[in-house]
Amino acid sequence: MIGGLYMINLKTTLKNKKNLFIVPVIMFLTLFIVSTGVSASSDNTVKIAHSSWIGFYPLDLAEEKGFFKDYGVNVQIKDIESKSDSKSALAAGKIQGIATSLDTNVLSAASGLKIQNVLALDTSTGADGLVGKKSIKNFKNLKGKTVALDTTGGASYFWFNYMLQKNNMKLSDIKVESMDSGAAGSAFVAGKVDAAMTWQPWLSKAKATKNGHVVMSSKSSPGIIVDTLGLSTSFIKKHPEQVKGIIKGWYKALAYMKSDPKDAYKIMSKKAGITASKLKTEMTTQIKLYDKKGNKKYFGTKKNKGNIYKISKVASNLWYTSKISDKKANINKLTNPKFVNAIK
């Protein structure tokens with residue numbers, strides 16, 4: 001409409017040379033109106049970043065189906081693979097939330113990032129694991145063995161150290177070769193290491209080798225490898241109703257996956273880059289998504305704290321003792337159970 005008015009005025013002014021000075025004025029005002037309109041729309045958009053993990057795709061489903069908008073929130077999901085990039089974006093105010101592993105948000109909080117976990121998204125129930133030679137029967141058998149492991153941080157490293165503590169072992173008890181989790185799985189299949197902390201599809205590939213098997217999978221440690229939605233503390237303070245709307249949008253997406261699984265997995269498979277049937281198999285067998293009931297239990301309350309406080313504390317101590325962080329995170333400030341408990 002603005003463009004149409006501009007063309008009419010332009011034709012009129014061209015007929016009257018005395019008023020030619022109006023043309024650039026109109027052009028300037030038109031550009032100003034259009035540009036400010038875009039800016040206003042951007043300011044009202046809540047941007048949430050996530051990497052390419054199956055547990056995050058219900059967020060994309062909620063955006064695609066308009067579930068966030070049903071609760072008054074305009075959410076834009078952004079794909080950011082790098083943990084450091086998403087952290088920097090949140091610190092700069094370019095995004096308002098990060099969907100990532102719980103231990104990652106703990107590490108970010110310890111480094112000074114103003115963030116709070118407001119929603120549990122999923123827990124790995126078989127998608128991550130330790131593969132090893134068949135002579136390695138359990139975790140304690142890793143002592144003295146060469147293990148491929150991502151030591152830069154993240155869920156695999158956190159879980160590995162968690163298991164070290166549980167078995168009264170130290171990282172120095174093992175010969176570690178540092179590499180990312182995908183490369184770790186590849187190294188084991190190629191016979192270059194005795195064991196590896198990895199994920200699918202390398203768990204299946206390891207089982208298919210002559211002398212390999214899955215020593216343990218995340219199925220045996222539910223609630224340890226957990227992904228959460230962390231939101232900027234300032235955003236939470238300024239927009240508490242939008243926080244509730246985001247959480248409700250997530251719950252509605254999970255409900256839709258049950259009521260219309262064909263359409264839901266079709267939409268999410270486009271983001272995942274795999275077939276809908278394969279995505280459904282992975283999401284229903286290898287992770288558990290946290291619904292309203294699951295979140296209330298996992299968070300608990302400030303008086304009766306749920307498991308998220310325990311795992312966050314373990315992560316904080318782990319990052320500190322391993323010298324990845326020079327400070328411990330304030331778990332009570334990081335964890336906000338208010339919103340999941342406010343939604344009936």
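Going by the structure above, here's the rest.
One structure accompanies this document, and this report is about it. (Residues numbered from 1 in each chain as written. Predicted model: local features only at pLDDT ≥ 70, side-chain atom pairs only at ≥ 80, totals over all residues. Heavy atoms only, no water.)

Relative to the elements of secondary structure, Glu 63 occurs in helix α3 (residues 57–65). The exposure class assigned to Glu 63 is partly exposed, which follows from its relative accessible area of 30%. As for Glu 63 and Gln 76, which are separated by 13 residues in sequence, their C-alpha atoms are 6.8 Å apart. If we skip the residues at most four places from it in the chain, Glu 63 touches Phe 68, Val 75, Gln 76 and Ile 77. (Helix = DSSP H or I, 4+ residues; strand = E, 2+ residues; numbered from the N terminus. Buried < 20%, exposed > 50% of the residue type's maximum accessible area, 1.4 Å probe, protein only. Contact = heavy atoms within 4.5 Å.)

Turning our eyes to something else, we now look at the pairing of strand β8 (residues 195–199). Across the five residues of β8, four count as buried, placing the element largely inside the fold. Direction of pairing for strand β5 (residues 128–133) relative to β8: antiparallel, over a ladder of five bridges. Bridging across to β8, Val 131 finds its partner in Ala 196. (Pairing = 2+ DSSP bridges.)

We now examine the nonpolar core. Counting 90 residues, the largest nonpolar core has Leu 119, Phe 139, Leu 142, Phe 160, Ile 246, Met 257 and Met 283 as the members making the most contacts within it. If one sorts the elements of this core by residue count, helix α11 (residues 240–259) sits on top with nine residues. The contacts of Met 283, once residues within four sequence positions are left out, are Ile 54, Pro 58, Met 257, Tyr 265, Met 268 and Leu 289. Within the second largest apolar cluster, nine residues are counted, among which are Ala 148, Phe 188, Val 193 and Ala 196. (Core = buried A, V, L, I, M, F, W, Y, C linked by side-chain atoms within 4.5 Å.)

All told, the structure shown has five aromatic pairs when counted by the stated rule. Here the aromatic rings of Tyr 290 and Tyr 298 are separated by 5.2 Å at their centres, their planes lie at 40 degrees, and the arrangement is tilted. Given the relative accessible area of 4%, Tyr 298 is considered buried. In this structure an aromatic cluster arises from ring pairing among Tyr 157, Phe 158 and Trp 319. Taking NZ or CZ as reference, Lys 205 lies 4.1 Å from the ring centre of Trp 202, over its face. (Phe/Tyr/Trp six-rings, centres within 6.5 Å; stacked < 30°, edge-to-face > 60°. Lys NZ or Arg CZ within 6 Å of the ring centre and 35° of its normal.)

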